[in-house]
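Reading the structure
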Amino acid sequence: MTKKFWHWVKNETPDYFGSDRILYLDGEISDETWFGDEVTPGIFKDELNSGKGNITLWINSPGGDVFAASQIYNMLMEYPYEVNVKIDALAASAASVIAMAGTKICMSPVAMLMIHNPATVAIGDSKDMQKAINMLTEVKESIINAYEIKSGLSRNKISNLMDAETWMNAKEAKRLGFADEILFADGDESSEKNSDDPNDGEKLMLFSRKAVTDSLLSKLNLGTRTKKTTENAIPVADLQKRLSLLAH
């Protein structure tokens, strides 16, 4: 394992949630680790289960490997105590999947949550490409499962939000059911939750996708992964093996 994208802190004074364990998830999920490294998933699980009590999980991540995120989601869902999520800046893409494992999800008033369709790079002939398409369809359905459990929105509504690559501020995330509370708020926010109005998604798309993404990645010093992703294209057969890890 070359690096970890998480770290633990012992909380000497239990916080608002009564948590004495704090988990920070920062930066890109599984940039160089997790898959192809049989040790990393075991290390995360061992560290998760090495203590008892509620956990506060702080997230600031643009996303990353959806399969790694799905495994982490499953581990957190199986954890026998509460996992309270705090999004302090960004929970985008695969990181938003991990956030859905929270018993309670709180967002900073200046934080953003983004959901979109899964993507991949695959090599092969037309049959391999069709397999990749089928795999992405199944991955999307599995991700919708997590969003549906948390938000209570219809699968069609969630699918449309993912198609549109939806960026949500804290109030919109709370209104749509992806978050429960807004940090530092006085508790009198008035926003209707879980609307299935097909036009609701329109007001969420107030940003240039490319401009916002490039800006956020730049601030996190991640840059573009286009060249690296192309050089490390994944065979379709390997993608299908990873898909089996999403079952929960």
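The rules behind these values
Residues numbered from 1 in each chain as written. Predicted model: local features only at pLDDT ≥ 70, side-chain atom pairs only at ≥ 80, totals over all residues. Heavy atoms only, no water. Helix = DSSP H or I, 4+ residues; strand = E, 2+ residues; numbered from the N terminus. Contact = heavy atoms within 4.5 Å. Areas by Shrake-Rupley, 256 points an atom, 1.4 Å probe, with all protein chains shown as cover. Buried < 20%, exposed > 50% of the residue type's maximum accessible area, 1.4 Å probe, protein only. Arc of directions from axis to C-beta. Pairing = 2+ DSSP bridges. Right-handed = clockwise from strand over helix to strand, strands pointing away. pLDDT = per-residue confidence, 0-100. Expected span 1.5 Å × (residues − 1). Polar contact = N/O pair within 3.5 Å; in protein donor to acceptor, adjacent residues only side chain to side chain. Core = buried A, V, L, I, M, F, W, Y, C linked by side-chain atoms within 4.5 Å. Axes fitted to C-alpha atoms, helices over the stretch in contact; angles between N-to-C directions. Left-handed = near helix turned anticlockwise from the far one by under 90°. Nonpolar A, V, L, I, M, F, W, Y, C, P; charged D, E, K, R; others polar. Phe/Tyr/Trp six-rings, centres within 6.5 Å; stacked < 30°, edge-to-face > 60°.

**Considering the overall build of the protein chain**
When helices and strands are counted, the protein chain shows nine helices and ten strands. Within the protein chain, counting contacts between residues at least 6 apart in sequence, those at least 24 apart form 72% of the total. By element, 52% of the accessible surface of the protein chain is carried by carbon and sulfur atoms, the whole surface being about 12300 Å².

**Brief notes about helix α1 (residues 39–48)**
Among the residues making up α1, those that are buried are T40, P41, F44, E47 and L48. Down the axis, α1 shows its buried residues gathered within 135° of arc, on one side only.

**Digging into the pairing of strand β5 (residues 104–107)**
Summarising the sheet, strand β4 (residues 83–92) and β5 pair through four bridges and their orientation is parallel. Note that in β5 the partner of K86 across the bridge is C106. You can see the chain leave β4, run along helix α3 (residues 94–99) and come back into β5, and the turn it takes is right-handed. As defined by bridge partners, β5 adjoins strand β9 (residues 181–182) across two bridges and the pair is classed as parallel.

**Focus: the environment of A68**
Considering the arrangement of structural elements, one finds A68 in helix α2 (residues 66–78). Since its relative accessible area comes to 0%, A68 is described here as buried. Taking the C-alpha atoms as reference points, A68 and W34, separated by 34 residues in sequence, lie 6.7 Å from one another.

**Details of the confidence of the model for the protein chain**
Averaged over all residues, the pLDDT of the protein chain is 81; the fraction at 70 or higher stands at 69%. Within the protein chain, helix α8 (residues 226–231) has the poorest average pLDDT of any element, 46, and β5 the best, 98. Overall, residues 201–208 carries pLDDT values under 50, and its contacts beyond four positions in sequence, including any with other chains, amount to 17 contacts. Long-range and interchain partners of residues 222–230, a stretch whose pLDDT sits below 50, account for nine contacts in this model, where long-range means more than four residues apart.

**Quick look at helix α4 (residues 126–151)**
Here α4 spans 37 Å end to end across 26 residues, near enough to the 38 Å set by a 1.5 Å rise per residue. Of all the residues in α4, the buried ones are A132, M135, V139, K140, S142, I143, I144, A146, Y147, K150 and S151. The N-cap residue of α4 is D125: its side-chain oxygen and the backbone nitrogen of K127 are 3.1 Å apart. Of the residues flanking the end of α4, it is G152, one or two places downstream, whose phi is positive at about 80°.

**Overview of the nonpolar core**
I29, L57, I87, I98, M100, Y147 and F178 are the most contacted members of the largest nonpolar core, which has 53 residues in total. If one sorts the elements of this core by residue count, α2 sits on top with eight residues. Membership of the second largest hydrophobic core comes to five residues, among which are A92, M112, M114 and W167.

**Description of the packing of α2 against α4**
Contact geometry for α2 and α4: axes closest at 12 Å, N-to-C directions at 35°. Crossing angle aside, the handedness with which α2 passes α4 is left-handed. From α2, V66, F67 and Y73 reach across to α4, where they touch M135, V139, I143, A146 and I149. Here the residues of the contact of α2 with α4 are counted per class, giving eight nonpolar, no polar and no charged.

**Brief notes about the packing of aromatic side chains**
Summed over all chains, the structure comprises four aromatic pairs. Note on Y147 and F178: the rings are 5.7 Å apart at their centroids and 75° apart in plane angle, and the pair reads as edge-to-face. Here Y147 is found in helix α4, whereas its partner F178 is found in the loop between α6 (170–176) and β9, with 31 residues between them in sequence. Aromatic rings pair up to connect F5, W6 and F44 into one cluster.

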